[in-house]
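Structural features, examined
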Amino acid sequence: GVEVGERMARVAEVISGGCHCGAVAFEATVRELKALRCDCSICAMKGTVNVIVPAADFQLVRGADALTEYRFNTQVACHLFCKVCGVQSFYRPRSSPDGFAINLRCLKGIPHDHFQIIDFNGQNWESSFEQLRSSES
């Protein structure tokens, strides 16, 4: 099989996904096959694993009218849910408010094990975010 390191080397892979009922659908270009498993209060409850992409690499194919939003705490993250089935297939994260966090579990056609999963300590968000940013530069 292909090792994680080899998969990480791939660039510009177009992925698609959406909610459970199909009302919301998106496409995105993923340039790095890594995802964050966050344990902040909301991510822990939802069980999401997030693939972060810049806004320029994300396209909502359908369902803008089917989305409802939820904000809390700092009001920066814009959590978007399908009004019909309740699934959060993507949202605008606090860590990248100009981009999107795509729920890995809502992707179609790409095995989840193609992604390197990185644990993110969302219980200590500020210090974890600084550590993540310094490790990426």
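Residues numbered from 1 in each chain as written. Predicted model: local features only at pLDDT ≥ 70, side-chain atom pairs only at ≥ 80, totals over all residues. Heavy atoms only, no water.

Section: the pattern of salt bridges
- Taken as a whole, this structure holds four salt bridges when the rule is applied.
- Residue Asp57 is joined to Arg31 by a salt bridge in which the shortest nitrogen-to-oxygen separation is 2.8 Å. With Asp57 in the loop between β4 (50–54) and β5 (58–62) and Arg31 in the loop between β2 (25–30) and β3 (34–38), the pair connects residues that are 26 residues apart, well separated along the chain.
- Put simply, Glu32 and Lys34 hold a salt bridge, and the shortest N to O gap is 3.8 Å. (Salt bridge = Lys/Arg side-chain N within 4 Å of Asp/Glu carboxyl O. Helix = DSSP H or I, 4+ residues; strand = E, 2+ residues; numbered from the N terminus.)

Re unusual backbone geometry
- In this structure, Asn73 is a non-glycine residue whose phi angle is positive, near 50 degrees.
- Within the secondary structure, Asn73 is located in the loop between β6 (67–70) and β7 (78–82).
- Backbone geometry at Gln75 places phi at a positive 65 degrees, although glycine is not the residue there.
- A residue is classified by how much of its surface remains accessible, and Gln75, at 42% relative accessible area, is partly exposed. (Buried < 20%, exposed > 50% of the residue type's maximum accessible area, 1.4 Å probe, protein only.)

Overview of the side chain of Asn103
- Note on placement: Asn103 falls in strand β9 (residues 99–103).
- One polar contact links the side chain of Asn103 to the main-chain amide nitrogen of Arg105, over a distance of 3.0 Å.
- Setting aside residues up to four positions removed in sequence, Asn103 forms contacts with Thr48, Val49, Gln88, Ser89 and Phe90. (Polar contact = N/O pair within 3.5 Å; in protein donor to acceptor, adjacent residues only side chain to side chain. Contact = heavy atoms within 4.5 Å.)

A look at the nonpolar core
- Val51, Val53, Phe58, Phe90, Ile102, Leu107 and Phe115 are the most contacted members of the largest nonpolar core, which has 24 residues in total.
- Listed by contribution, the elements that provide at least two residues to this core are β2, β4, β7 and β9.
- Apart from residues lying up to four places away in sequence, Leu107 is in contact with Ile15, Ser16, Gly17, Phe26, Ile102 and Phe115.
- Core analysis: the next-biggest nonpolar cluster, separate from the first, contains eight residues, Ile42, Cys43, Tyr91 and Phe120 among them. (Core = buried A, V, L, I, M, F, W, Y, C linked by side-chain atoms within 4.5 Å.)

Notes on the confidence of the model for the protein
- Mean pLDDT for the protein: 87, with 85% of residues reaching 70 or above.
- Looking at the elements of the protein, mean pLDDT is at its lowest for helix α1 (residues 4–8), recorded as 47, and at its highest for β5, recorded as 98.
- Across residues 1–9, where pLDDT falls below 50, the model places nine contacts with residues more than four positions away in sequence or in other chains. (pLDDT = per-residue confidence, 0-100.)

What about the side chain of Ser89?
- Counting through the fold element by element, Ser89 comes out in the loop between β7 and β8 (90–92).
- Relative accessible area serves as the criterion here: at 2%, Ser89 is assigned to the buried category.

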